[in-house]
Amino acid sequence: MLIKQNIAEELNIVKTWLTVNRNCQFRCKWCYAEGTSYCKDDDMSFELAEKLIELQAQIGTEKILLIGGEPTLWRHTFDAIELIAQKGMSTTLVTNGLMLADKQYIEKLKASSLSGISISIKAGNRKQHEKITGSSRFEDVMAAVRNASKLDIPVGFSLTINSLVLNNIGEIAAVVAKNGANNLFINFCTTTFNNGMPQKGYMPKDKELIEKVVSEYDKLDRIFNGNVTILQTLPSCMWPQSFLERLENEGKLTYGCYVRNKSGLVFDTKGRLIVCNCLYDYPIGIFGEDFWDSDSFKQFWKSREVSEVYDQIITYPSESCIKCSKYKMCGGGCPLHWFVNEPVDIIPA
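Presented here is a report on the structure given in the accompanying data block. (Residues numbered from 1 in each chain as written. Predicted model: local features only at pLDDT ≥ 70, side-chain atom pairs only at ≥ 80, totals over all residues. Heavy atoms only, no water.)

With respect to the overall build of the protein
Inference 1: Counting secondary structure elements, the protein contains 15 helices and 13 strands.
Inference 2: Taken against the 2.2 N^0.38 rule, which gives 20 Å for 349 residues, the C-alpha radius of gyration of the protein at 20 Å falls within 12% of a compact globule.
Inference 3: Reported as C-alpha extents along the three principal axes, the dimensions of the protein are approximately 55 × 50 × 40 Å.
Inference 4: Within the protein, the proportion of its 349 residues that are buried is 56%.
Inference 5: Summarising the internal contacts of the protein: among those between residues at least 6 apart in sequence, 74% fall at separations of at least 24.
Inference 6: In the form shown here, the protein has an accessible surface area of approximately 16,100 Å², with 48% of it arising from carbon and sulfur atoms.
Inference 7: Put simply, the protein has 39 plus and 41 minus side-chain charges, and the middle of one group is 5 Å from the middle of the other. (Helix = DSSP H or I, 4+ residues; strand = E, 2+ residues; numbered from the N terminus. Rg over C-alpha atoms; globule rule 2.2 N^0.38 Å. Buried < 20%, exposed > 50% of the residue type's maximum accessible area, 1.4 Å probe, protein only. Contact = heavy atoms within 4.5 Å. Areas by Shrake-Rupley, 256 points an atom, 1.4 Å probe, with all protein chains shown as cover. Lys, Arg positive; Asp, Glu negative; His and termini not counted. Charge placed at Lys NZ, Arg CZ, Asp CG, Glu CD.)

Considering the packing of aromatic side chains
Inference 1: Scanning the model with the defined rule gives 14 aromatic pairs in all.
Inference 2: With a centroid separation of 5.1 Å and an interplanar angle of 90°, the aromatic rings of Phe291 and Phe297 are classed as edge-to-face. With respect to burial, Phe291 and Phe297 carry one shared label: buried.
Inference 3: Counting every residue linked through ring pairs, the aromatic cluster contains Phe267, Phe287, Phe291, Phe297, Phe300, Trp301 and Tyr310.
Inference 4: The aromatic ring of Trp301 is capped on one face by Lys262, whose charged end is 4.7 Å from the ring centroid.
Inference 5: One Lys or Arg, Lys262, reaches over the ring of Tyr310 and ends 5.0 Å from the middle of that ring. (Phe/Tyr/Trp six-rings, centres within 6.5 Å; stacked < 30°, edge-to-face > 60°. Lys NZ or Arg CZ within 6 Å of the ring centre and 35° of its normal.)

Things to note about the pattern of salt bridges
Inference 1: Overall, the coordinates contain 16 salt bridges when judged by the stated rule.
Inference 2: Note that Arg126 is salt-bridged to Glu130, the shortest N-O span being 3.3 Å. Here Arg126 and its partner Glu130 are both found in helix α5 (residues 126–133), four residues apart, which amounts to about one turn of the helix.
Inference 3: Here Arg126 falls in the partly exposed class, since its relative accessible area comes to 41%.
Inference 4: Among the ionic pairs, Arg246 bridges to Glu250, the shortest N-O distance being 3.5 Å.
Inference 5: The network of salt bridges with common partners includes Asp218, Asp221, Arg246, Glu250 and Lys252. (Salt bridge = Lys/Arg side-chain N within 4 Å of Asp/Glu carboxyl O.)

Quick notes on helix α11 (residues 294–301)
Inference 1: Within α11 the residues assigned to the buried category are Ser294, Ser296, Phe297, Phe300 and Trp301. Around the axis of α11, the buried residues are gathered within 160° of arc, so they sit on the same side. For α11, the exposed residues set more than 90 degrees away from the buried face come down to Asp295 and Gln299. (Arc of directions from axis to C-beta.)

Comments concerning the environment of Val165
Inference 1: Positionally, Val165 belongs in the loop between β5 (155–161) and α7 (169–178).
Inference 2: If we ignore the near neighbours within four places in the chain, the residues touching Val165 are Lys122, Gln128, Ile132, Thr160 and Ile172.

Considerations on the side chain of Asn96
Inference 1: Residue position: Asn96 is located in the loop between β3 (90–95) and α4 (103–111).
Inference 2: Dropping the residues within four chain positions of it, Asn96 is found in contact with Cys24, Gln25, Phe26, Glu70, Ile119, Ser120, Lys122 and Val141.

Things to note about unusual backbone geometry
Inference 1: Following Gly68, the chain continues to Gly69 via a peptide bond in cis, the omega torsion being 15°.
Inference 2: Relative to the elements of secondary structure, Gly69 occurs in the loop between β2 (63–67) and α3 (77–86).
Inference 3: Even without being a glycine, Asn12 presents a positive backbone phi close to 60°.
Inference 4: In this structure, Asn12 sits in the loop between α1 (2–11) and β1 (15–19).
Inference 5: A positive phi angle, close to 50°, is found at Asn225, a residue other than glycine.
Inference 6: By the secondary structure assignment, Asn225 is in the loop between α8 (206–223) and β9 (228–232).

Brief notes about the pairing of strand β11 (residues 264–267)
Inference 1: By the alternation rule, side chains of β11 split into Gly264 and Val266 and Leu265 and Phe267, which are all buried.
Inference 2: Relative to β11, β1 is paired through four bridges, and the arrangement is parallel. For Trp17, the partnering residue across the bridge sits in β11 and is Val266.
Inference 3: Pairing of β11 with strand β12 (residues 272–274) involves two bridges; the strand directions are antiparallel. Following the sheet pairing, Val266 is matched in β12 by Ile274.
Inference 4: Linking β11 back to β12 in an antiparallel pair, the connection comprises four residues, with Gly271 at a positive phi of about 80°. (Pairing = 2+ DSSP bridges.)

So, the sheet that holds β2
Inference 1: Within the open sheet, the 11 strands sit side by side as β10-β9-β6-β5-β4-β3-β2-β1-β11-β12-β13. Their pairing is mixed. The open sheet has two free edges, formed respectively by β10 (253–255) and β13 (283–286), since each of these has just one partner strand. Strand-to-strand twist across the sheet, computed as the mean angle between neighbouring axes with direction ignored, equals 25°.
Inference 2: Against the sheet, helix α9 (residues 241–249) contacts β9 and β10, and its axis sits at roughly 105° relative to β10. (Axes fitted to C-alpha atoms, helices over the stretch in contact; angles between N-to-C directions.)

Quick notes on the nonpolar core
Inference 1: Of all hydrophobic cores here, the largest spans 117 residues; its most connected members are Phe297 and Trp301.
Inference 2: Once residues within four sequence positions are removed from consideration, Phe297 is found in contact with Leu11, Ile13, Leu55, Ile59, Leu265, Leu273 and Phe291. (Core = buried A, V, L, I, M, F, W, Y, C linked by side-chain atoms within 4.5 Å.)

Right under this line is the structure:
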């Protein structure tokens, strides 16, 4: 085990996402996977899942997240959860929550070795839910929230702020809390890709987004009794500095993502390693071809080819960032942001 831990520390990898399927009950307009057509037949085989889980155990990864599509629709979900636990790792299920409205499914979760659940909240009312997801099952999602809130398993509730929900964040927070949620994790809609082309899609304008979050934050914080965290993926220089400092001091602010420090791995349904879920069409390596165990993966991960990929993505978006004291934390924001926006229009000179 010590050797595995040293490998993990050396590679700086702390978590891995397994994209186990593309099928989903919803068709969220801002979803990063829209370009995959939510193919029902695009599932990860359990044989491949076993091999990828074993690889993570060899590396010493601490956490595996099951994601989709919608992983609760994957027929191997519970087998994977048990295997991950047997290998000494934790498992978080990233879900739209719909299956958790089923009490039988809840009982299966209770009996499993699952470590945590992350439920993505889409809307604050039925009409908005239909508009965003193409589904009328808003009440079922709220039933799922109620069921999940009673579990002994840690459950987090996340909200991706996009242009369709920007003006009723408070309503969404209130209705989710009314149904039992005791926390909220806020992140921001980013660039999506369709047929290889980057799109703004439903990204709010940065200044409008920041103004809304700052004005609504205290209300949200009261609703959840201080349990509201923001994933800050915009340039820090755009925010009121007193607001950021306050949240930093309260431990309610996290910065950037795993891409900037190469601390996470994302595998798609075919075992292709991708930099980010949004870049699902751009694999940088394939399990079984470019690597197959911890030693070959270590060699691959440290290769010039992989370093060049990350160097192209992780760059200073603006000259102003080079000397900025906040850059180490914010990194100039999400790298995908600059596929559709010009830094000169956003980052102060």
